[in-house]
Amino acid sequence: MSYQAYVTDTAYHYDGSYAGFLCCIFESFARREIPAAVCPPQEGQMTLFGIRQIATAPARAQRVARGLQRLGPEVRDRVATGFLAAAPGKDLRLLRFARLCFDRGPGAARMLGDADAAAAFALERAVTSEAHRYVEFLRFEERDGMLGAVIHPKHFVLPLLRGHFCSRLPDEDFLIFDATHGTALLRRSGQVQYLAMERYAPGPDEAEESWQALWKRFFRALTIEERRNERAQATHVFKRFWPDMCEMQPEAPAGGAHS
């Protein structure tokens, strides 16, 4: 870290959403401190530090999002894409990177000799590299007039696959199910949705039966009763993983790097 900041022995605990993570950045600036750790729920039990619960406040998250936007697409996208990584400790690394860029300006993203900048770059590269492999090698199978594929990515790459496959298959209905994260990307009748789905682990010798079971579960999720919940499910997934879908009310800007 090439800038001066007070490093505390307190861990920030937040709800795991991207908006919640942006609120951790806000808290760091408001308290003029760098936390010892930034923990989403799945990591919250492992910390040995004192705990500070960070509430998700949409107005605060929006202020930080606007600040990242002003720093330019390289910084903004590095933070957003890095957040999709499945890497323990990624949250603290991205917070430190964001603080570095607010302090030094957008050029800090290219200061790869700095440990914080290098760590954020590595997170982004890991996610985009995995997404590119799926863009190149993903193959669909057809069931009941719809194309489908099951993937088992390490990182949450569905948001990075969306644009490519919607452009490549403009007239097709398709489903890409991320079995690792229990989430499906659905393109149906020209509309794109994310659905929370039960985890799916096909057996190596039962490929056909597994596909049929997946399709049965999928079409059950599209019944009238389940359809009532699709909007809520999609909103949850978007807010959890992808910043553009956070429905945040703006707050009047204030001074400082996070305004």
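Scroll up for the structure.
Residues numbered from 1 in each chain as written. Predicted model: local features only at pLDDT ≥ 70, side-chain atom pairs only at ≥ 80, totals over all residues. Heavy atoms only, no water.

Let us look at the sheet that holds strand 9 (residues 183-188). Strand order in the open sheet formed by 5 strands is 6-7-8-9-10, with mixed pairing between adjacent strands. The open sheet terminates on both sides in strands that have one partner only, identified here as strand 6 (141-143) and strand 10 (191-196). Across the sheet, the mean angle from the axis of one strand to that of its neighbour is 25°, orientation sign disregarded. As judged from the 5 bridges shared by strand 7 (residues 146-151) and strand 8 (residues 174-178), these two strands associate in the parallel manner. What sits directly across from Val 150, in strand 8, is Phe 177. (Pairing = 2+ DSSP bridges. Helix = DSSP H or I, 4+ residues; strand = E, 2+ residues; numbered from the N terminus. Axes fitted to C-alpha atoms, helices over the stretch in contact; angles between N-to-C directions.)

Turning our attention to the pattern of salt bridges. All told, the structure shown has 9 salt bridges when counted by the stated rule. We note a salt bridge from Glu 33 to Arg 52, for which the minimum N-O separation is 2.7 Å. With Glu 33 in strand 3 (residues 33-34) and Arg 52 in strand 5 (residues 50-53), this pair connects stretches of sequence that are 19 residues apart. Judged by its relative accessible area of 6%, Glu 33 falls in the buried class. Linking Asp 103 and Arg 104 is a salt bridge whose minimum nitrogen-to-oxygen distance equals 3.7 Å. Asp 103 sits in the partly exposed class, given a relative accessible area of 47%. Bridged by salt links that share partners, the residues Glu 74, Arg 78, Arg 110 and Glu 124 form one connected network. (Salt bridge = Lys/Arg side-chain N within 4 Å of Asp/Glu carboxyl O. Buried < 20%, exposed > 50% of the residue type's maximum accessible area, 1.4 Å probe, protein only.)

Attention now goes to the sheet that holds strand 4 (residues 37-39). Ordered in space as 4-2-5, the 3 strands form an open sheet in which the pairing is parallel. This sheet does not close on itself; its edge strands, each paired only once, are strand 4 and strand 5. Strand-to-strand twist of the sheet, defined as the mean angle between neighbouring strand axes without regard to direction, takes the value 30°. Judged from the 3 bridges that link them, strand 2 (residues 10-13) and strand 4 form a sheet pairing that is parallel. Each residue of the ladder has a partner; that of Tyr 12, found in strand 4, is Val 38. Packing of helix 1 (residues 18-31) onto the sheet brings it into contact with strand 2, strand 4 and strand 5, and relative to strand 2 it is tilted by some 145°. (Contact = heavy atoms within 4.5 Å.)

Turning next to helix 5 (residues 115-137). Across its 23 residues, helix 5 extends 33 Å between first and last C-alpha, which sits within 8% of the 33 Å expected from 1.5 Å per residue. Within helix 5, the full set of buried residues consists of Asp 116, Ala 117, Ala 119, Ala 120, Leu 123, Glu 124, Val 127, Glu 130, Ala 131 and Tyr 134. Turning to helix 5, the residues buried within the fold contact helix 3 (73-82), helix 4 (90-104), strand 7 and helix 6 (158-168). Between a side-chain oxygen at the N-terminus of helix 5 and the backbone nitrogen of Asp 116 the separation is 2.8 Å; the capping residue is Asp 114. (Expected span 1.5 Å × (residues − 1). Polar contact = N/O pair within 3.5 Å; in protein donor to acceptor, adjacent residues only side chain to side chain.)

Glancing now at the nonpolar core. Counting 57 residues, the largest nonpolar core has Phe 21, Ile 25, Leu 68, Phe 140, Phe 174 and Ile 176 as its most contacted members. When residues of this core are traced back to their parent elements, those giving at least two are helix 1, helix 2 (58-71), helix 3, helix 4, helix 5, strand 7, helix 6 and strand 8. Counting residues per element, this core draws most heavily on helix 1, at 9 residues. In this view, Ile 176 contacts Leu 138, Phe 140, Ala 149, Ile 151, Leu 158, Phe 165, Thr 183, Ala 184 and Leu 185; residues no more than four positions away in its chain are not counted. Counting 9 residues, the second largest nonpolar core, distinct from the first, contains Ala 179, Ala 184, Leu 186 and Leu 195. (Core = buried A, V, L, I, M, F, W, Y, C linked by side-chain atoms within 4.5 Å.)

Another point: the packing of aromatic side chains. With the rule as written, the count across this model stands at 7 aromatic pairs. Geometrically, the ring pair formed by Tyr 18 and Phe 21 is tilted, given 6.2 Å between the ring centres and 45° between the ring planes. In this pair, Tyr 18 and Phe 21 both sit in helix 1, 3 residues apart, roughly one turn of the helix. Phe 21 matches Tyr 18 in its accessibility class, with the two residues each being buried. Looking at Lys 90, its charged tip hangs above the ring of Phe 83, at a distance of 4.8 Å from the centre. One residue, Arg 99, lies across the ring of Phe 29, its end atom 4.3 Å from the ring centre. (Phe/Tyr/Trp six-rings, centres within 6.5 Å; stacked < 30°, edge-to-face > 60°. Lys NZ or Arg CZ within 6 Å of the ring centre and 35° of its normal.)

Our focus in this paragraph is unusual backbone geometry. A positive phi angle is found at Arg 32, which is not glycine, with a value near 55°. In this fold, Arg 32 is placed in the loop between helix 1 and strand 3. In this structure, Ser 189 is a non-glycine residue whose phi angle is positive, near 55°. Its place among the elements puts Ser 189 in the loop between strand 9 and strand 10. Taking relative accessible area as the criterion, Ser 189 reaches 63% and is therefore assigned exposed.

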